[in-house]
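# Analysis of the macromolecular model
Below are the chains, spelled out letter by letter.
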Amino acid sequence: MSVSQRSIMKRRAMWGLFALMMSAGTAHAQDLEVTDAQLRLLPGDLPAAGYFTLHNAGSDAVTLSGAESAAFAMTHMHLSTEEDGMASMKSVDQLEVATDETLEFAPGGYHLMFMKRQQPLEVGDEVEVTLQFEDQPPLPVTFEVVSPASM
Ligand SMILES: [Cu+2]
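The structure displayed is predicted, hence computed values, not measured ones. (Residues numbered from 1 in each chain as written. Predicted model: local features only at pLDDT ≥ 70, side-chain atom pairs only at ≥ 80, totals over all residues. Heavy atoms only, no water.)

## Examining the coordination of the copper ion
Heads up, the condition is: Donors, by definition, are the N, O and S atoms found within 2.8 Å of a metal, the threshold being 3.2 Å for Na, K and Ca, and water is not counted, so a site can look incomplete. Only four donors with every angle between 85 and 135 degrees are called tetrahedral; only four or six donors with opposite donors over 155 degrees apart and all others between 65 and 115 are called square planar or octahedral, in that order; all others are irregular. We count a stretch as a helix when DSSP gives it H or I for four or more residues in a row; a strand needs E for two or more, and each element gets its number in order from the N terminus.
Binding of the copper ion to the protein goes through His78 (ND1), Met89 (SD), His111 (NE2) and Met113 (SD), at separations of 2.1 to 2.3 Å. Its 4 donor atoms give the copper ion angles of 96 to 124° at the centre, a pattern that matches the tetrahedral case. Mapped onto the sequence, the residues coordinating the copper ion show the spacing H-x10-M-x21-H-x1-M. Note that His78 is positioned in strand 4 (residues 72–83) and His111 in strand 8 (residues 110–117), a separation of 33 residues in sequence.

## Description of unusual backbone geometry
One non-glycine residue, Asp84, adopts positive backbone phi at about 55°. As for its position among the elements, Asp84 is in the loop between strand 4 and strand 5 (86–91). One non-glycine residue, Lys116, lies in positive phi territory at about 55°. One can find Lys116 in strand 8.

## Quick notes on the confidence of the model for the chain
Going by this rule: Confidence of the predictor in every single residue is expressed as pLDDT, which spans 0 to 100. In what follows, residue pairs with any heavy atoms lying within 4.5 Å of each other are defined as contacts.
The pLDDT averaged across the chain works out to 86; a share of 79% of its residues lies at or above 70. Here helix 1 (residues 3–29) stands out as the least confident element of the chain, with mean pLDDT 52; strand 7 (residues 102–105) is the most confident, with 98. Ignoring residues within four places in sequence, the model shows residues 22–28, a span with pLDDT below 50, making 6 contacts including any to other chains.

## Focus: the packing of aromatic side chains
Worth spelling out the cut-off: Planes of paired rings set the category: under 30 degrees apart is stacked, over 60 is edge-to-face and the rest tilted, where pairs are Phe, Tyr or Trp rings (Trp by its six-membered ring) whose centres lie within 6.5 Å. Relative accessible area decides the class of each residue, using a 1.4 Å probe on protein chains only: under 20% of the type maximum gives buried, over 50% gives exposed, and in between gives partly exposed.
Per the counting criterion, the structure on display carries 5 aromatic pairs. Seen in terms of ring centroids, Phe52 and Phe105 are 4.3 Å apart; in terms of plane orientation they differ by 20°. Their pairing is stacked. A residue pair is termed long-range when its members are at least 10 positions apart, and Phe52 in strand 2 (residues 48–56) and Phe105 in strand 7 qualify at 53 residues. On the accessibility criterion, Phe52 (1% relative accessible area) is buried. Between Phe114 and Phe143, the aromatic rings sit 6.2 Å apart at their centres with planes inclined by 80°, giving edge-to-face as the arrangement. Of this pair, Phe114 sits in strand 8 while Phe143 is found in strand 10 (residues 139–146), placing the two residues 29 residues apart along the sequence. Linked through ring pairs, Phe52, Phe72, Phe105, Tyr110, Phe114 and Phe143 together constitute an aromatic cluster.

## Examining the pairing of strand 2
Defined as follows: Here, strands pair whenever DSSP counts at least two bridges between them.
Burial of strand 2 is extensive: 9 of the 9 residues sit out of reach of the surface. Residues of strand 2 alternate between two faces, with Ala48, Gly50, Phe52, Leu54 and Asn56 on one and Ala49, Tyr51, Thr53 and His55 on the opposite face, all of them buried. Pairing between strand 1 (residues 32–40) and strand 2: 7 bridges, direction antiparallel. Looking across to strand 2, one finds that Glu33 is bridged to His55. Both strand 2 and strand 8 contribute to a ladder of 3 bridges, which runs antiparallel. Each bridged residue has a counterpart across the sheet, and for Ala49 the counterpart in strand 8 is Met113.

The following block contains the structure:
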């Protein structure tokens, strides 16, 4: 096989891979919009809270199933609740976001709870967080580190 034949075959393989990637659901990920991603830092080893707005502009419902970040050993989805005047929170496994729906992670409601910080973080830093979905490719989001006072 000549060198030029080989490079043509390589190019074809690349195009094939590209076409496969385009059809494997990546288009859906582009239909998800995350805005106002903020990580509220608490002092010491206290867990940090993650807030964001997720809009599903796609034609299918999506199911958010969690998040992870290299900056923390554990990340959970929580819902703040109040029962008989007592504030508490419970773990959330999955959240469906219907077409054209906007899901808010905000103080007093849904939040990401980041535990066991793996690196020093300061207000103003940016933290990479990957949102995970049941039916979608993972979605990387940059969270801005903010102080609790700013919320
Ligand atoms: Cu929590």
